[in-house]
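The lines below spell out each chain.
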Amino acid sequence: MSDTFKSSAYKHLGSIVIAAGIVVTSVILGDAWVNSKRNFENKKSISVTGKADKDFVSDLVVWSGSYRRFSTDFKEAYRALKTDQAKTKAFLLAKGVKEAEITFSSTDVRKETESIYDSEGHFRGERFIGYVAVQSVTIKSKEVDKIENISREITDLLEQGVEFTSNSPSYYFTKLAELKIDLLKEAAADARKRCETILDEAGSGKGKLTKSSMGIFQITGQYSEDEYSYGGTLNTSNKEKTASITVTLEYDID
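What you are looking at is a predicted structure, and each value in this text was computed from that prediction instead of being measured.

The rules behind the values
Residues numbered from 1 in each chain as written. Predicted model: local features only at pLDDT ≥ 70, side-chain atom pairs only at ≥ 80, totals over all residues. Heavy atoms only, no water. Helix = DSSP H or I, 4+ residues; strand = E, 2+ residues; numbered from the N terminus. Contact = heavy atoms within 4.5 Å. Patch = residues over 30% accessible without salt bridge, like charges linked within 9 Å, V, L, I, M, F, W, Y side chains within 5 Å. Areas by Shrake-Rupley, 256 points an atom, 1.4 Å probe, with all protein chains shown as cover. Salt bridge = Lys/Arg side-chain N within 4 Å of Asp/Glu carboxyl O. Lys, Arg positive; Asp, Glu negative; His and termini not counted. Charge placed at Lys NZ, Arg CZ, Asp CG, Glu CD. Expected span 1.5 Å × (residues − 1). Buried < 20%, exposed > 50% of the residue type's maximum accessible area, 1.4 Å probe, protein only. Arc of directions from axis to C-beta. Phe/Tyr/Trp six-rings, centres within 6.5 Å; stacked < 30°, edge-to-face > 60°.

This brings us to the side chain of Ser 151. Looking at where Ser 151 falls in the secondary structure, it is placed in the loop between helix 3 (144-150) and helix 4 (155-159). In contact with Ser 151, other than residues within four places in its own chain, are Trp 63, Ser 166 and Pro 169.

Laid out in structure tokens, this is it:
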């Protein structure tokens with residue numbers, strides 16, 4: 001191979017290396033520019049979360065209970081249950097509950113059996129022992145205190161022979177929609193104030209709102225051990241409750 005050819009080849013190789021270096025450098029610088037721009041843009045936005053909460057008292061109560069009768073005769077169990085229904089209704093009306101607030105469920109009558117085992121403990125089947133008739137009653141009222149007190153005064157029914165089992169009342173609020181709107185306004189105002197405080201302290205200009213999002217609406221019982229949950233807590237066991245909500249605002253900074 002001649003010296004002239006070798007020299008020409010080295011020159012071309014050098015050009016290729018230099019060109020490749022320029023391409024690689026361009027790629028590196030290009031990535032650096034994109035990252036720099038992205039980081040710069042991130043520094044020009046701020047996300048702030050505001051919160052609002054309000055204590056309130058439930059204005060609707062739902063209380064339920066049930067009673068049962070047992071008999072070896074189907075018709076007798078049903079008749080006895082209907083007698084208990086009449087006694088229960090009379091008791092509630094005498095306590096001041098309105099008839100429109102009382103709802104009785106349909107009667108449920110089912111067979112009761114017991115398992116049979118031999119002397120060695122082997123299962124030998126089921127034996128019919130009678131019928132159990134069950135019915136429940138639900139009271140839905142805005143007279144919260146009255147129904148709450150009645151739920152604790154079922155002694156009269158028990159003394160009349162009604163095997164009444166009382167459930168704990170559940171408490172609700174009928175103006176949740178209005179309450180939620182008020183809380184959203186307060187939470188948004190709180191977030192906006194926080195943002196203004198941060199920008200003032202940082203010496204930045206005013207921010208321009210670009211995005212807003214609502215957090216989970218939570219209802220917890222006052223003086224309870226309720227915990228906030230990702231899907232939202234809805235307390236029904238406490239008459240006195242606290243509603244809370246968060247709002248997140250995102251601003252572009254001037």
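Attention shifts here to a negative patch on the surface. A cluster of acidic residues, Asp 53, Asp 55, Glu 178, Asp 182, Glu 186 and Glu 240, forms a negative patch on the protein surface. Elements with a contribution of two residues or more to the negative patch: strand 1 (45-57) and helix 5 (176-202). Per-element tally for the negative patch: the top contributor is helix 5, with 3 residues. As for its position among the elements, Asp 55 is in strand 1.

Under the 1.5 Å per step criterion, the end-to-end length of helix 2 (residues 74-94) is 31 Å for 21 residues, consistent within 8% with the ideal 30 Å. When we look at burial in helix 2, the residues that qualify are Ala 77, Ala 80, Leu 81, Asp 84, Gln 85, Thr 88, Phe 91 and Leu 92. For helix 2, the arc enclosing every buried residue in end-on projection is 155 degrees, short of the 170-degree limit, so these residues lie on one face. Helix 2 presents Lys 75 and Ala 94 as exposed residues on the side facing more than 90 degrees away from its buried surface. Residues of helix 2 that are buried make contact with strand 2 (60-71), strand 3 (102-104), strand 5 (123-141), helix 3, helix 4 and strand 6 (164-166). Just downstream of helix 2 lies Gly 96, where phi reads positive at about 100 degrees.

Relative to the helices and strands, Glu 101 resides in the loop between helix 2 and strand 3. Buried charge without a salt bridge: Glu 101, with Lys 98 as the nearest opposite-charge side chain at an N-O distance of 4.2 Å. Excluding anything up to four places from it in sequence, Glu 101 contacts Thr 138, Ile 139, Lys 140, Ser 141 and Glu 143.

Right, let's get into the packing of aromatic side chains. One pass over the structure, following the stated rule, counts 6 aromatic pairs. Look at Phe 74 and Tyr 131: their rings are 5.4 Å apart centre to centre, the planes differ by 90 degrees, and that puts the pair in the edge-to-face class. Of the two residues, Phe 74 sits in helix 2 while Tyr 131 sits in strand 5, which places them 57 residues apart along the sequence. Taking the relative accessible area as the measure of exposure, Tyr 131 reaches 17% and is therefore buried. The interplanar angle of 65 degrees and the centroid separation of 5.7 Å between the aromatic rings of Tyr 117 and Phe 123 together place this pair among those described as edge-to-face. Put simply, the rings of Trp 63, Tyr 67 and Phe 164 pair up and form one aromatic cluster.

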